[in-house]
Amino acid sequence: GITRTFNAGCTEYPLSWVYDGDTLSTDSFFTMSFSNIGLHEVILASTDGFCEDLDTVRVHYLPDSTCLGTDSISKISSTSGNFNGVLGNGDLFGMGVTSYPDVNNDQKDEIIVGAPRNAAGGTERGALFVLHVDNQGLIYDHYKIGSDSGNLGTGINNGDNFGFSVDKIGDVNGDGIEDLAVGAPYDDDGGTSRGAVWILFMDSNGLVDSKQKISDTQGGLQESLTNTDRFGLEVAGIGDLNNDGVPDIACGLTTDFVNSTNDGSVLILFLNANGTVNSEIKLDINSSGLSSILSPGSAFGQAIEYLGDFNSDGIKDYALGFGQHDGGGIDRGAFAIVSLDSTGAVTQANRIAEYENGFNHALPNSGNFGSALANLGDVDGDGYLEIGVGNWRDNTGGTERGALWILSIDNSGYVFNTVKLDGNNSYLNLSNGDRFGRSIATMGDFNNDGVTDLIVGAREDDDGGSNRGAIYLVSLIDTCCPLVAQFTTTSTDVCLGESLTFTNNSFYASAGASYQWLINGTVVDSTTNLTHTFNTAGSYFVELVVNDSCERSF
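Residues numbered from 1 in each chain as written. Predicted model: local features only at pLDDT ≥ 70, side-chain atom pairs only at ≥ 80, totals over all residues. Heavy atoms only, no water.

### Some remarks on the overall build of the chain
Here comes step 1: Summing up its helical and strand segments, the chain has 0 helices and 37 strands in all.
Here comes step 2: In terms of overall dimensions, the chain has C-alpha extents of about 95 × 70 × 50 Å along its principal axes.
Here comes step 3: Taken over 554 residues, the chain has a buried fraction of 54%.
Here comes step 4: Looking at the chain alone, contacts between residues at least 24 apart form 54% of all its contacts between residues at least 6 apart.
Here comes step 5: Split by element, the accessible area of the chain, about 21900 Å² in all, is 43% carbon and sulfur.
Here comes step 6: Measuring between centres, the 24 positive side-chain charges of the chain sit 11 Å from its 74 negative side-chain charges. (Helix = DSSP H or I, 4+ residues; strand = E, 2+ residues; numbered from the N terminus. Buried < 20%, exposed > 50% of the residue type's maximum accessible area, 1.4 Å probe, protein only. Contact = heavy atoms within 4.5 Å. Areas by Shrake-Rupley, 256 points an atom, 1.4 Å probe, with all protein chains shown as cover. Lys, Arg positive; Asp, Glu negative; His and termini not counted. Charge placed at Lys NZ, Arg CZ, Asp CG, Glu CD.)

Shown next, in the form of structure tokens:
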């Protein structure tokens, strides 16, 4: 609704004002009320009958500021978060992270964490840890998937670094169960450290049912890998790009020599239902649509994230990171929002780096902004996408403590709001060299406050020993509605005819808040706390709904 007036500096010849392609006025001035969020173009055209001159201004109308913030932060490591998994020095727990659909019926996503240098029955074979988390951000159970556990079986060798990257990729084999892609970038198939990606077909218990390896010698990969390519440094599920009914994956070759050292590339792998490669396409600095935004040695493919069709134009969108983009210095980093058609060809690309496309912040040299990316969805409910961006070598508060940026993006790919977590955050309590932000993933809503939460890796945290690693569970909050619904009870088992008391522990509820207690979907009380007698044997689902300036349930 903001109105702007544009005045012509010269009125000697006939004028016309063109707004977004439509001629709207021939006066010496033009007044326009901007009501549609996005980028608009105003052109003043003037002609003497023989030639024409144009003057153009672009007006970017931004959404309102977001209500996004952080509520709580929980650390999981060798000594924190109730995690009792065995980690060794140098395991790099947190190098890769993803969430996984609930397998133990606790109504929460599981957390999968890569520890690529975990011994796992040998030396630096690597492993995945699957964590069950409660609503306080504490681990109450876990299991391991590696060459010595989790039904993974044989095929992982010493030094492979299985778990360096990991992502859920959809149901590849059509059995109704989410599958995983896992990188092992130091695998030696075909030559030294050429790398591999494993497709893990999971069972209903969250264990490996079967697997398919993709490498220089297996799985139908057409790209000819060379020594130290380290295929599998980054792997991501990208939806069904070619619409053949089978999910596809993308893999980063960040050290790929295209025109020069470390140009990097992204391999789009169209999969068969058995996990082998049907066909593939390579994106790099020479690709149409990318050559203008990529620079030599920028390590393209360091991070890959599927954004869906965030701007509703009918084309799938992706965030692709290149953490060694120089920008105004050295290795400051960047990422691009890239639209791909069903063949994998680039239709549009928009780079976000320091002082570009609304990201009006300076970045440090060697900070590697864009080295991790996560699609957070519309966290604060304003209709616009949030993207998590790793800046894992950021020096705020100390050397390479790392940082996480949360960017709000409008439908043109322009940044209109930023939130940063870094070494100055007292809740994080980072130390030098932790490298917080090396990996990022969403994990649903573990604390039931109605807002998406994050997993953030700090792979070189020293809790319990050198470089054992850690992850942080970051609870995001809608600061316009910070309400958190929550209750506790003394037991979840009761004898027939006995009563249980449920104590309301909700946060940020005002004095005027109202409460509803439901048992198996039926409202039974509207007081602050609930005491209920159970007179019929069976299982019961108890829910608290809190209504204030907004509504939350637990």
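### Structural notes on the nonpolar core
As a rule of thumb, soluble globular proteins bury nonpolar side chains together.
Here comes step 1: Counting residues in each nonpolar core, the largest one holds 24 residues, and the members touching the most others are I268, L283, L290, F300 and L340.
Here comes step 2: Of all the elements in the fold, those that place two or more residues in this core are β18 (265-271), β20 (300-308), β21 (316-322) and β22 (334-340).
Here comes step 3: Ranked by residue count, the leading element in this core is β22, at 4 residues.
Here comes step 4: Residues contacting L283, with those up to four places away along its chain left out, are S265, V266, I268, L290, F300, L340, G344 and V346. (Core = buried A, V, L, I, M, F, W, Y, C linked by side-chain atoms within 4.5 Å.)

### Examining the environment of P185
Here comes step 1: Structurally, P185 is set in the loop between β13 (179-184) and β14 (196-202).
Here comes step 2: On the accessibility criterion, P185 (0% relative accessible area) is buried.
Here comes step 3: Residues within four places of P185 in sequence aside, it is in contact with D160, N161, F164, S193, R194, G195, A196, R230, F231, G232 and L233.

### Re the sheet that holds strand β30 (residues 470-478)
Here comes step 1: Pairing within the open sheet is antiparallel, and its 4 strands lie in the order β7-β30-β29-β28. Two strands bound the open sheet, and with one partner strand each, they are β7 (68-76) and β28 (436-442). Averaged over all pairs of adjacent strands, the angle between their axes in this sheet comes to 30°, without regard to strand direction.
Here comes step 2: Alignment of β28 against strand β29 (residues 453-458), held across 5 bridges, turns out to be antiparallel. Looking at the pairing, T442 lines up with L454 of β29. (Pairing = 2+ DSSP bridges. Axes fitted to C-alpha atoms, helices over the stretch in contact; angles between N-to-C directions.)

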